[in-house]
Amino acid sequence: MAAPTLQQPSFLLANLKTDSTTKPLLQRCQDLVKIIEEYPAKELHLIFPWLVECVFGSLDGIIAGWNLRLLHPRNHEYNIVMEFLNPSGPMMKLVYKLQAEEYKYEVPVNYLPGPVKACIQEGVLPDCPLFHNKLQFPLSGLLSLNLALNPFEFFMFNFAYCLITPKVSLPGYHGSSTDSAYFVLVDTYLKYFLPSEGNVPPSSSVSFAGYGVHSPSLLKHHIFHQPSVNADPSAQEIWRSETLLQMFVEIWLHHYSLEMYQKLQSPQVKEPFSPTEEHVLVVRLLVKHLHAFSNSLKPEQLSSSPSAHSHTHTSPLEEFKRVVVQRFVQQKLYLFLQHCFGHWPLDASFRAVLETWLSYIQPWRYTGEKTNPQVDQSRTVPDKWESFVQENLLMYTKLFQVFLNRTVRTDLVNAKNALMVFRVAKVFAQPNLAEMIQKGEQLFLEPEHVLHHRQPRGYLTPSQGGSFLSSRQRVMTDVVFRVKSHVYALEGQDCQYKQMFGTELRGALNQGQLSQLISNLSSSQDDGNSKQLPDCIQGENGLILTDLGRMQIISGLRRFDLHYQGDPELQPIRSYENALLVRLFYKISSLVNERFGGHMDALCSRPDFLGRLGRHYLAEQDSSVKLKHSPMSRRTLERNRQPRLSLRSLASYRTILLLLLCYVVGALLSFGPISSTLIILTGGFLFGLFMTLFGDKLKTH
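Here the residue index of a chain counts from 1 through its sequence in written order. Where local features are concerned, this predicted model is filtered to residues with pLDDT of at least 70; where side-chain atom pairs are given and counted, the filter is 80 or more; whole-chain, interface and lining totals use all residues. Derived side-chain values reflect all non-hydrogen atoms in the structure, with water molecules and hydrogen atoms excluded from consideration.

Participant: Could you give me a rundown of the packing of helix α11 (residues 277-295) against helix α13 (residues 316-343), with the residues and numbers involved?
Facilitator: The N-to-C vectors of α11 and α13 enclose an angle of 150 degrees; their axes lie 9 Å apart at closest approach. With respect to their mutual orientation, α11 and α13 come out roughly antiparallel. Seen along the crossing, α11 lies across α13 with a hand that is left-handed. Contacts between α11 and α13 involve His-279, Val-280, Val-283, Val-287, Leu-290, His-291, Phe-293 and Ser-294 on the former and, on the latter, Leu-317, Phe-320, Lys-321, Val-324, Val-325, Val-329, Leu-333 and Phe-336. Note that Gly is not counted as nonpolar here; it falls among the polar residues with everything else outside the nonpolar set of Ala, Val, Leu, Ile, Met, Phe, Trp, Tyr, Cys and Pro and the charged set of Asp, Glu, Lys and Arg. Of the residues in the contact of α11 with α13, the class split is 12 nonpolar, three polar and one charged. Axes here refer to lines fitted to C-alpha atoms; in helices the fit is confined to the stretch in contact. Angles between the N-to-C directions go from 0 to 180 degrees. Note on conventions: DSSP H or I runs of at least 4 residues are helices, E runs of at least 2 residues are strands, and numbering of each starts at the N terminus. Put simply, angles under 35 degrees are roughly parallel, angles over 145 are roughly antiparallel, angles from 65 to 115 are roughly perpendicular, and the rest are oblique. Less than a right angle of anticlockwise turn of the near helix away from the far helix marks a crossing as left-handed, whereas a clockwise turn marks it as right-handed. Contact between two residues is taken to exist if any of their heavy atoms lie within 4.5 Å; hydrogens are not considered.

Participant: Let's hear about helix α29 (residues 653-668): which residues, and what values?
Facilitator: A helix is expected to span 1.5 Å multiplied by its residue count minus one. Between its first and last C-alpha, α29 extends 22 Å over 16 residues, near the 22 Å set by a 1.5 Å rise per residue. Remark: Ser-670 follows α29 within two positions and exhibits a positive phi of approximately 70 degrees.

Participant: An account of the packing of helix α7 (residues 151-161) against helix α8 (residues 181-193) is needed here, citing residue identities and associated values.
Facilitator: In contact at an axis separation of 12 Å, α7 and α8 are set at 140 degrees when each is read in the N-to-C sense. Our classification of the angle between α7 and α8 gives oblique. The handedness of the crossing between α7 and α8 is left-handed. Mapping the contact onto sequence places Phe-152, Phe-155, Met-156, Phe-159 and Ala-160 in α7 and Tyr-182, Leu-185, Val-186, Tyr-189 and Phe-193 in α8. Per-class residue counts for the contact of α7 with α8 are 10 nonpolar, no polar and no charged.

Participant: Kindly report on the pairing of strand β1 (residues 105-108), identifying the contributing residues and their values.
Facilitator: Along any regular strand, the residues point their side chains to alternate faces of the sheet. Note on classification: 1.4 Å probe, protein chains only; a residue is buried when its accessible area is under 20% of the maximum for its type, exposed when over 50%, partly exposed between these limits. Only one face of β1 is covered, namely the face carrying Tyr-105 and Val-107; the face carrying Glu-106 and Pro-108 is uncovered. Pairing between strands requires that DSSP locate at least two bridges from one strand to the other. Pairing geometry for β1 and strand β3 (residues 146-149), over four bridges, is antiparallel. By the bridge assignment, Glu-106 is partnered in β3 with Ala-148.

Participant: Please give an account of the packing of aromatic side chains that cites residues and values.
Facilitator: Classification of ring pairs rests on two measures: the distance between centres of Phe, Tyr or Trp rings, Trp counted by its six-membered ring, which must be within 6.5 Å, and the angle between planes, read as stacked under 30 degrees, edge-to-face over 60 and tilted in between. All told, the structure shown has 30 aromatic pairs when counted by the stated rule. Ring centres of Phe-152 and Phe-193 lie 5.6 Å apart, and the angle between their planes is 70 degrees; on these two criteria the pair is classed as edge-to-face. Pair noted here: Phe-152 is in helix α7 and Phe-193 is in helix α8, with a separation of 41 residues, a long-range link. In this pair, the class of Phe-152 matches that of Phe-193, namely buried. A connected cluster of aromatic rings, assembled from ring pairs, spans Phe-56, Phe-152, Phe-155, Phe-159, Tyr-182, Tyr-189, Tyr-192, Phe-193, Trp-239, Phe-248 and Trp-252. Any Lys NZ or Arg CZ that is within 6 Å of a ring centre and within 35 degrees of that ring's normal is treated as a charge sitting over the ring. We note Arg-406 situated over the ring of Phe-350; from NZ or CZ to the ring centre the distance is 3.8 Å. Above the face of the Phe-444 ring, Lys-484 is positioned so that its terminal group lies 5.1 Å from the ring centre.

Rendered as structure tokens:
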């Protein structure tokens, strides 16, 4: 439509659908810009759901839309899409134009995150205020419940949901998730609606008088009220920041509740949602930006008490910065990371999860101060972050313990896996951090009765005969309460807290197994190679691996010298053996062993010279060595050590060649076949006789 004219809404939508299959993207976007500018909201209202689906794809993933997650800067459509979806671009202007008329758009409840959907279906009010008062009850019953969202909420819901719909990679596609159009748009929206400097830019000249009733405030306890018509413009715009943040947190993180996570510990429960590496990378981008957003809070606002804010002229955006991380992100991110730590494959792709965790527990890296990266890793953590560490104690201690449990099952020979362990060790080795964590644990373990005992009977100022000690005790009590509330909120009231610096965790780095290893090594001082064995204990049927031994094998630090443990006569036929002769000699030796087995046992049991000679020819020589260097069961070993005749060595091509050479040499010396055979048998007997007499002395040397 080069110059679109006013048409009936149905014709407008039909023409747009036709154009979507015939016109290139650039021309379609140019047409949409003109339509958005010229058409009234009443007609734009009918094309908005279709347009959102065309851009972001359908919620069920059947319609791919513009494939924002596969669109990269080298694609010629990249700049067209970025300009159209820019926060101040045509698409957002359409959203604001419809927002002024208070239109609603439905989203099925089935597409909401699991915990939210469960609450709604059970008739319980979700903890997310954005979903309050939005339910639409159709005549068909509860199974088709819908949410009625305003245009901005509907747009952001579909944009956020685009990340978790299945992605179908295009043939020959080789691109990074961090430079896709979707990743860049997330970063752009975060910087625009959650700015570190200044206020959120005004949406447009459209009046926003009705926005106060569009969605309840995210800030619980009514930190600020919804703006009125004559309120500060910054208060009128803060609702967009809240909506965007909550949509991102709910759609990307809120897939696990505390109750659901506890159920997931059972192997019979099917995992409800599995995030991808791309998903985690976007979550890390969100975490890093929220830290930068929160750290841009003015120092005077950061040090003020919450009660003082109601009496000062604090801007809503500054108030939002003060509580954004702790109140809106912490709990959902904790369950999200804990699930990833426990269910992510044991490969190098876990690096994305690890870096997301390390980004969250190091907010001091995102203060806006330009520092040398090498110096930044080794500098002392400032004391002002002590409260953050205490109020996020489980993020440090519990996830660290889960990481350790994961590490012992990881192949640390792989350089990428070893690097992840190094990264965690380097972060927790930062000066002053361990002391902060330890103090936080001490505060949590503070007994309740001690707190009440410390409470002064009355708070007196120094001029009234009191001291500053009473106010200090009051602050101490408040800190303890915050730490305990944090732990109980994330783990439940009946949680069993395991100290990061406690004896239980230290005793779990395999202390008993280490002592067993030391005893094993000391008992095998005579054999230097035994020091390379994995840690084992001697069981009734042979060697048994300990947990430490399993870790040594997984990490490639120790290994067994494995041997074939079955009947040597029944080993698979080798490439250097003649299959026909192997089978023939096995039948002959089996008949001999079956007929004369008792006589062989009697001969080999004799302690004299004949017994030694019989053991040389009829018994396996290296069985005692195999007992030490291979996890062979005693029962199998005893069965294989029974005296018997073995002719399999004669089926080797090497042996056959040597015998042929002997017969050729005998023929050259005028010996016949019978004479040569007698000479070969005599030589073999004399060699056995020599080894019987002097074999032990040769072994010692």
